[in-house]
Amino acid sequence: MKNIDITKLISKYFVRRLTEADAEIIYDLCVLNTQFYKYSWNITPLTIELIKEDLKATPPGKSLSEKYYVGFFDGEKLIAVLDLIDGYPDDDVAYIGFFMLAKEYQGNGIGSALITELCDYLKSIDFKKIRLGIDKLNPQSNHFWKKNGFTVLKEVAKEDNILLLAERILS
């Protein structure tokens, strides 16, 4: 475990852990991203209860102390949500379980700038890779993650969808 300092993830925006008390503002950000949920096989329809469950969900063998479910704020406005797991599936790998940028902030490079700065910080604390899953059929997600240096390692069948396991090498 590397003990990620969330205050160093991003410099331009205020970052803090999100809790169940934030479920409504997370919902308000996420529900407008209809394309993501069109292709997401296990989150339709989105509800505040599902968000509360996601706030507590961890991969096998990981505890909540290794999960960083954080929000990026522009003033008082939540503009992005990130679910980051410290050391999954290996100690030198960070795993992005979820990343979503507010719809009105998309299309102008802000999402890519956030991911670039996140990768730089994680590299500075000796992470070697970042992994994540991409819905194979979601063209927007595929384009975004590939544009940001993530390479597909393999396809994984999940219920009625295919998840692309992707990674970005940091060193």
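Residues numbered from 1 in each chain as written. Predicted model: local features only at pLDDT ≥ 70, side-chain atom pairs only at ≥ 80, totals over all residues. Heavy atoms only, no water.

**Student:** Would you mind showing me how to read the overall build of the protein here?
**Tutor:** Counting its regular elements, the protein contains 5 helices and 7 strands. For the protein, the sequential pattern of α-helices and β-strands runs β-α-α-α-β-β-β-α-β-α-β-β. On C-alpha atoms alone, the protein measures out to a radius of gyration of 15 Å, which is about the 16 Å that the 2.2 N^0.38 rule sets for 171 residues. Seen through its principal axes, the protein has C-alpha atoms that stretch 40 × 35 × 35 Å. The buried share of the protein, reckoned over its 171 residues, is 46%. In the protein, 63% of the contacts between residues at least 6 apart in sequence involve partners at least 24 apart. In the form shown here, the protein has an accessible surface area of approximately 8,700 Å², with 52% of it arising from carbon and sulfur atoms. For the protein, the separation between the mean place of its 22 positive charges and that of its 25 negative charges on side chains is 5 Å. (Helix = DSSP H or I, 4+ residues; strand = E, 2+ residues; numbered from the N terminus. Rg over C-alpha atoms; globule rule 2.2 N^0.38 Å. Buried < 20%, exposed > 50% of the residue type's maximum accessible area, 1.4 Å probe, protein only. Contact = heavy atoms within 4.5 Å. Areas by Shrake-Rupley, 256 points an atom, 1.4 Å probe, with all protein chains shown as cover. Lys, Arg positive; Asp, Glu negative; His and termini not counted. Charge placed at Lys NZ, Arg CZ, Asp CG, Glu CD.)

**Student:** Looking at this structure, I do not really get the sheet that holds strand S5 (residues 129-135). What am I missing?
**Tutor:** Strand pairing in a sheet relies on backbone hydrogen bonds, with the paired strands running either antiparallel or parallel. Taken together, the 7 strands give an open sheet; going across it, the order is S1-S2-S3-S4-S5-S7-S6, and neighbouring strands pair in mixed fashion. Each having just a single partner strand, strand S1 (14-17) and strand S6 (151-158) make up the two edges of the open sheet. Sheet twist, expressed as the mean angle between neighbouring strand axes with direction ignored, is 30°. Of the pairings in the sheet, the one linking strand S2 (residues 67-74) to strand S3 (residues 77-86) comprises 8 bridges and is antiparallel in character. Directly across from tyrosine 68, in S3, lies its bridge partner leucine 84. The sheet contacts of helix H1 (residues 23-31) involve S1, S2, S3 and strand S4 (93-101), and relative to S3 the element is tilted by about 100°. Sitting on the sheet, helix H4 (residues 110-124) touches S3, S4, S5 and strand S7 (161-169), and the angle it makes with S4 is about 160°. (Pairing = 2+ DSSP bridges. Axes fitted to C-alpha atoms, helices over the stretch in contact; angles between N-to-C directions.)

**Student:** Mind showing me how you'd approach the packing of H1 against helix H3 (residues 48-56) here?
**Tutor:** Packing of H1 against H3 leaves a shortest axis separation of 9 Å and a crossing angle of 110°. Taken as axis vectors, H1 and H3 run roughly perpendicular relative to one another. Two packed elements cross with a definite hand, and for H1 against H3 that hand is right-handed. Along the contact surface, H1 presents Ala23, Glu24, Ile26 and Tyr27, while H3 presents Ile48, Ile51, Lys52 and Leu55. For the contact of H1 with H3, a count of residues per class yields 6 nonpolar, no polar and 2 charged. (Parallel < 35°, antiparallel > 145°, perpendicular 65-115°, else oblique. Left-handed = near helix turned anticlockwise from the far one by under 90°. Nonpolar A, V, L, I, M, F, W, Y, C, P; charged D, E, K, R; others polar.)

**Student:** Explain the pairing of S5 to me, please; I cannot follow it from the model alone.
**Tutor:** Each regular strand carries side chains that alternate between the two faces of the sheet. Taking burial as the measure, the 7 residues of S5 include 5 buried ones, the bulk of the element. Looking at chain direction, S4 and S5 are connected through 4 bridges and run parallel. By the bridge assignment for S5, valine 93 is matched with lysine 129. Handedness of the S4-H4-S5 crossover: right-handed. (Right-handed = clockwise from strand over helix to strand, strands pointing away.)

**Student:** What's the story with the pattern of salt bridges in this structure? I'm lost.
**Tutor:** Overall, the coordinates contain 9 salt bridges when judged by the stated rule. Its salt-bridge partner being aspartate 22, residue arginine 16 comes within 2.8 Å of it at the nearest N-O pair. Using a relative accessible area of 26% as the deciding quantity, one classes arginine 16 as partly exposed. Residue aspartate 22 is classed as buried on the basis of its relative accessible area, which comes to 8%. (Salt bridge = Lys/Arg side-chain N within 4 Å of Asp/Glu carboxyl O.)

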